Amino acid sequence: MCALTAAQRGRRVLVLEKANKVGKKILMSGGGRCNFTNHFVGAENFISNNSHFCKAALNRYTQWDFIGMVERYQIPYEERRHSQLFCLNSAKDILNMLLDECANAGAEIRSHAELVSVSTAEPNDASSSRYQLVVNQQNTAHEFTCESLVVATGALSIPTLGGSGIGYDIAQQFGLKLTKRHAGLVPFMFSDSMKQLCEKLAGLALEVELSANKISFTENILFTHRGISGPAALQVSNYWNPGDTITLDLLPGVNAAEWLLNAKQNQTKNLLRTVLSHKLSKGLVAELQWLWWHEHAEKPMAEFSDKQLISIGERLNSWQLKPSGTEGYRTAEVTRGGVDTAGISSKTMEAKDQAGLYFIGEVLDVTGWLGGFNFQWAWSSEYSAGLAV
């Protein structure tokens, strides 16, 4: 995106891609359908030490701008829940669109190109070059010089697709600071009795309200053999820190205590598990019964005290869980944290104290929610840099 924007301005552009082909994260995203943006994008959908940093780029290149390019290429897409936009056919459509734009603008792309070193170029009256790069391309060293160097390396998430910390190394080499980094948009794991419960329920999905540190999302969770995944878990992982508890509301929008007290009056002979099975899966209810009322499993509703039902209802609405950790960068969709935006221009993405050095996308300390926001940050920050390089 940065390359095509700069090339369209007449700049001579070379993209150096370490992998054997470009766009691997685009191709795997959204189950191969690429959740390329969202109909509603705002600064509130992003996490950063500076919550205002993303605004300039998001305003300069909006979701409507990218949607316009998609429609110009007649790529069929659909809107899913929470205004998320996906390709109808394949993520290849988005990648091919970007590659075509680069080719039409004259931007050159080289794959199998691994950066060995970067340094400031020696001053030369005949050249405006600021940086010198040594690149290993299929066991042959190549040297390049450039006026503007754009670091678009992604971050630590999903190393099998090329994720690495090289962008952070370059930032530190030139005196930029980093914020603390964590795996983001990542499943939770458990090591206590909750792990056994998750193993038994593996494959079960249900809509819940999940929260951590006063931030809540109402979405599906998915029980796995390691813990819990699914959209709600991934979203909340961006706000969770090791040692924190998470709160699970199994009946969002329902006052479970009131509902159970009402059921006691109207379904006197029914068992509690029978009542709960109207709203939750029988497998989950069986596990909750073992956890919370196994001594009263065969007792009809009428014989439960109000206090007992209120206690169970409160747990249904506010089940406190303590993850042992997350699955880490191996499965994380993003890296939370990164190059400190205090040292970066929000308008151009250029390092404030290092002329000609730019940082764009995930390498920066800007992390989006699940739902197309990280791609939109990529398009917006890359466009901003492409106008400036």
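Small disclaimer: the values here were computed from a predicted structure and weren't measured.

This part covers the overall build of the protein. A tally of regular secondary structure across the protein gives 13 helices and 21 strands. For the protein, the spread of C-alpha atoms along the three principal axes comes to 90 × 40 × 40 Å. Out of the 389 residues belonging to the protein, those deemed buried represent 50%. Considering only residue pairs separated by 6 or more positions, the protein has 72% of its internal contacts joining residues 24 or more positions apart.

Once that is clear, we can look at the environment of Ala 388. As for its position among the elements, Ala 388 is in helix α13 (residues 373-388). Those residues in contact with Ala 388 that sit more than four places away from it in its chain are Arg 9, Thr 348 and Tyr 358.

This part is about the packing of aromatic side chains. Working definition: an aromatic ring pair is given by the centre-to-centre distance plus the angle between the planes. Summed over all chains, the structure comprises 13 aromatic pairs. Here the aromatic rings of Trp 369 and Phe 373 are separated by 6.3 Å at their centres, their planes lie at 85°, and the arrangement is edge-to-face. The exposure class assigned to Trp 369 is partly exposed, which follows from its relative accessible area of 21%. A network of ring pairs unites the aromatic residues Phe 36, Phe 66, Tyr 77, Phe 375 and Trp 379 as a single cluster.

Residues Ile 94, Leu 98, Val 339, Leu 357, Phe 359 and Trp 377 are the most contacted members of the largest nonpolar core, which totals 65 residues. Apart from the residues lying within four places of it in its own chain, the contact partners of Trp 377 are Phe 46, Phe 53, Cys 54, Ala 57, Leu 58, Met 349, Gly 361, Leu 364, Val 366 and Glu 382. With 44 residues, the next largest nonpolar core counts Phe 190, Ile 221, Ile 228 and Leu 276 among its residues.

Moving on, we come to the pairing of strand β13 (residues 205-212). Pairing of β13 with strand β14 (residues 215-223), which is carried by eight bridges, proceeds in the antiparallel orientation. Bridge pairing in β14 places Ala 205 opposite Leu 222. With three bridges joining them, β13 and strand β16 (residues 246-249) adopt antiparallel strand pairing. Of the residues in β16, the one forming a bridge with Ser 211 is Thr 247.

Strands sit in the order β2-β5-β4 across an open sheet of three strands; the sheet is antiparallel. A strand with exactly one partner marks an edge of an open sheet, and here the two such strands are β2 (35-38) and β4 (77-80). Strand-to-strand, the axes of this sheet are offset by a mean angle of 30°, without reference to chain direction. Where β4 lies against strand β5 (residues 84-87), four bridges are found, and the strand directions are antiparallel. By the bridge assignment, Glu 79 is partnered in β5 with Leu 85.

Within the secondary structure, Ser 83 sits in the loop between β4 and β5. Beyond its immediate chain neighbours, meaning those up to four positions away, Ser 83 contacts Thr 37, Asn 38, His 39 and Phe 40.

Along the chain, the position of Thr 179 falls in the loop between α6 (166-173) and β11 (182-184). By relative accessible area, Thr 179 is classed as buried at 8%. Aside from chain neighbours lying at most four places away, what touches Thr 179 is Asn 49, Gly 337, Gly 338, Asp 340 and Asp 365.

With that settled, consider unusual backbone geometry. Of note in this structure, Gln 138 is not a glycine but carries a positive phi near 50°. If you trace the backbone, Gln 138 turns up in the loop between β8 (131-137) and β9 (140-146). Here the phi dihedral of Leu 185 falls at roughly 50°; this positive angle occurs in a residue that is not glycine. Along the chain, the position of Leu 185 falls in the loop between β11 and β12 (188-189).

Take the environment of Met 28 next. Tracing the backbone through its elements, the reader meets Met 28 in helix α2 (residues 24-28). As a C-alpha pair, Met 28 and Trp 240 span 212 residues in sequence and 25 Å in three-dimensional space. Look past the residues within four positions of Met 28 in its chain and what remains in contact with it is Ile 158 and Leu 161.

Each strand in a sheet pairs with its neighbour through backbone hydrogen bonds, running either in the same direction (parallel) or in the opposite one (antiparallel). Read across the open sheet, the three strands follow the order β7-β8-β9; overall the sheet is antiparallel. Each having just a single partner strand, β7 (113-120) and β9 make up the two edges of the open sheet. Going across the sheet, the axis of each strand differs from the next one's by a mean of 20°, ignoring polarity. Of the pairings in the sheet, the one linking β8 to β9 comprises seven bridges and is antiparallel in character. The partner of Gln 132 across the bridge, within β9, is Thr 145.

Taken N-terminus to C-terminus, the directions of helix α7 (residues 193-201) and helix α11 (residues 282-292) make an angle of 160°; their axes are 10 Å apart at the nearest point. When the axis of α7 is compared with that of α11, the two are roughly antiparallel. For α7 against α11, the interelement crossing comes out right-handed. Contacts between α7 and α11 involve Leu 197, Lys 200 and Leu 201 from the first element and Gly 283, Leu 284, Glu 287 and Leu 291 from the second. Of the residues contributing to the contact of α7 with α11, the split by class is four nonpolar, one polar and two charged.

What counts, and where the lines are drawn
- Residues numbered from 1 in each chain as written.
- Predicted model: local features only at pLDDT ≥ 70, side-chain atom pairs only at ≥ 80, totals over all residues.
- Heavy atoms only, no water.
- Helix = DSSP H or I, 4+ residues; strand = E, 2+ residues; numbered from the N terminus.
- Buried < 20%, exposed > 50% of the residue type's maximum accessible area, 1.4 Å probe, protein only.
- Contact = heavy atoms within 4.5 Å.
- Phe/Tyr/Trp six-rings, centres within 6.5 Å; stacked < 30°, edge-to-face > 60°.
- Core = buried A, V, L, I, M, F, W, Y, C linked by side-chain atoms within 4.5 Å.
- Pairing = 2+ DSSP bridges.
- Axes fitted to C-alpha atoms, helices over the stretch in contact; angles between N-to-C directions.
- Parallel < 35°, antiparallel > 145°, perpendicular 65-115°, else oblique.
- Left-handed = near helix turned anticlockwise from the far one by under 90°.
- Nonpolar A, V, L, I, M, F, W, Y, C, P; charged D, E, K, R; others polar.

Everything listed is a geometric property; what it means functionally is a separate question.
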